[in-house]
Amino acid sequence: MYLSPDERTEKFIEKLPELVQILNLADAASGMAEIAEESTVVAGKWEFPLPSFTFGSKDPNAPVFIVVGGVHGLERIGSNLAAAFIKSMIESYAWDDAFRFVLDRCKICVYPLVNPAGMFFKYRSNMNGVDLMRNAPLDATEKAVKLVGGHRISPRLPWFRGMEGAGLEHEAETLLSFVRAHVARAPFAMIIDLHSGFGVKDRIWFPYAYSSRPFQWVGVAHALKHRLDRCLPNHVYLMEPQSKTYITHGDLWDYLTLEHEQRNSASPLLALTLEMGSWTWIRKNPRQIFSSLGIFNPVLPHRIQRTLRRHVTLLEFLMRATASWERWSDIQSSGTGLHSESALRLWYPGFTQANTQLVLT
Ligand SMILES: [Zn+2]
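Residues numbered from 1 in each chain as written. Predicted model: local features only at pLDDT ≥ 70, side-chain atom pairs only at ≥ 80, totals over all residues. Heavy atoms only, no water.

What about the coordination of the zinc ion?
This is how the line gets drawn: With water excluded from the atoms, a metal site may look incomplete; its donors are any N, O or S atoms within 2.8 Å, or within 3.2 Å for Na, K and Ca. Four donors are marked tetrahedral only if all angles between them lie between 85 and 135 degrees, whereas four are marked square planar and six octahedral if opposite donors are more than 155 degrees apart and the other angles lie between 65 and 115; the remainder are marked irregular. Here's how the labels work: a residue is buried when its accessible area is under 20% of the maximum for its type, exposed when over 50%, partly exposed in between, all with a 1.4 Å probe on protein chains only.
For the zinc ion, every protein donor is listed as His72 (ND1), Glu75 (OE), Glu75 (OE) and His195 (ND1), and the spread of their distances is 2.0 to 2.4 Å. Each of the four donor atoms around the zinc ion contributes to a set of angles spanning 57 to 153°, which defines the coordination as irregular. The buried category is assigned to His195, whose relative accessible area is 5%.

Overview of the pattern of salt bridges
The following threshold applies: The working definition used for a salt bridge is a side-chain nitrogen of Lys or Arg within 4 Å of a carboxyl oxygen of Asp or Glu. Starting at the N terminus, helices and strands are each numbered in turn, a helix being any DSSP run of H or I of at least four residues and a strand any DSSP run of E of at least two.
If you walk through the whole model with that rule in mind, you get 14 salt bridges. In this structure, the salt-bridge partner of Arg124 is Asp131, at a minimum N-O distance of 2.8 Å. Relative accessible area serves as the criterion here: at 1%, Asp131 is assigned to the buried category. Where Arg203 meets Glu240, a salt bridge forms, and the shortest distance between an N and an O atom there is 3.5 Å. Of the two residues, Arg203 is situated in strand β6 (residues 203–206) and Glu240 in strand β7 (residues 238–241); the sequence distance between them amounts to 37 residues. Arg203 sits in the buried class, given a relative accessible area of 14%. Ionic contacts of the salt-bridge type, sharing partners, join the residues Glu173, Arg180, Glu259 and Arg263 into one network.

Description of the packing of aromatic side chains
Going by this rule: Stacked, tilted and edge-to-face are the three classes assigned to paired rings of Phe, Tyr and Trp, where Trp is represented by its six-membered ring and a pair needs centres within 6.5 Å; plane angles under 30 degrees give stacked, over 60 edge-to-face, the rest tilted. In this scheme, the term charge over a ring applies when either NZ of a lysine or CZ of an arginine sits within 6 Å of the ring centre and within 35 degrees of the ring normal.
Here the structure, examined in full by the defined rule, presents 16 aromatic pairs. Seen from their ring centres, Trp205 and Tyr246 are 5.8 Å apart, and the 50° between their planes marks the pair as tilted. Note that Trp205 is positioned in strand β6 and Tyr246 in the loop between β7 and α8 (252–263), a separation of 41 residues in sequence. Trp205 sits in the buried class, given a relative accessible area of 2%. The class of Tyr246 is buried, set by a relative accessible area of 16%. Aromatic side chains Tyr208 and Phe215 sit 6.1 Å apart centroid to centroid with 75° between the ring planes, which places their arrangement in the edge-to-face category. Under the relative-accessibility criterion, Tyr208 is labelled buried at 0%. An aromatic cluster of three or more residues is present, and its members are Phe12, Trp46, Phe48, Phe120 and Phe121. The ring of Tyr93 carries Arg100 above its face, with NZ or CZ at 3.9 Å from the centroid.

Given below as structure tokens:
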């Protein structure tokens with residue numbers, strides 16, 4: 001991966017400054033974090049690294065917090081935010097004993113740019129036209145939203161899932177392998193995948209997207225919401241199952257969640273998606289709707305700063321919550337607790353108990 005700073009700047013600064021920034025952060029983080037190139041993505045004459053950062057405990061039995069960015073190539077702000085979080089950790093490492101305490105207790109991984117070729121060429125999808133967040137071999141059990149929910153009509157249309165039976169795209173497979181390796185033995189794992197482009201509110205989604213039924217750890221999701229509401233009382237987030245907004249095919253986090261429930265059902269895995277509400281940025285600066293990136297990203301410098309500032313605070317909260325998961329997660333030996341009942345009342349009024357039947361296809 002280690003293009004020299006001059007080489008990486010020359011190759012990528014114009015069309016993919018996010019990658020230059022991430023590689024520069026990898027240099028700065030050496031000695032504090034394990035830096036790896038998980039694989040590469042080749043697109044014509046271009047070759048893009050897929051870097052990862054792993055801070056903190058090396059104990060495979062430690063809880064894990066994983067931040068993911070850049071799944072959709074148009075949503076640059078997700079990779080910007082992942083990079084801002086890495087930078088904040090690098091700076092904290094030098095002086096912050098409280099942060100060192102967190103690092104002793106848990107592992108913190110950042111996979112900041114899943115789809116570098118898409119970002120470079122300004123596609124939501126990867127270079128095969130596949131929407132990586134519709135690519136898992138998992139069909140919705142209820143009616144998915146037309147097109148947006150994923151389809152197999154043509155890679156020329158957005159939200160294409162890939163051809164039937166074609167398997168996971170390289171970027172999706174590499175991401176899932178990375179996440180699986182880190183969550184396999186963790187007693188608790190939290191993932192947050194950073195997206196933008198929907199609605200006026202900043203949303204925190206949790207599984208499922210393929211079904212409106214509750215997932216195994218809705219009680220943990222509710223316990224987290226409870227802490228978030230109290231610790232950051234002025235926060236802006238609307239937290240709910242993704243299925244409340246729309247049902248989709250092929251969601252990678254659904255797939256991983258179902259797989260984890262089968263392999264490791266005693267250990268909570270909470271795969272969150274932060275969906276930054278880009279319509280506010282458009283409302284405040286309507287001209288940006290005329291650019292493909294403007295629909296998905298803040299454009300004005302002060303708005304970018306405000307966005308990063310707001311959400312880095314959330315990521316730091318979630319990191320600390322992961323380190324102290326046993327103190328708030330309300331997990332009884334049966335995997336349920338009072339929060340499970342509250343979760344069902346709040347988010348699934350039709351359900352009286354969590355049905356965790358697995359539907360992997
Ligand atoms: Zn997205």
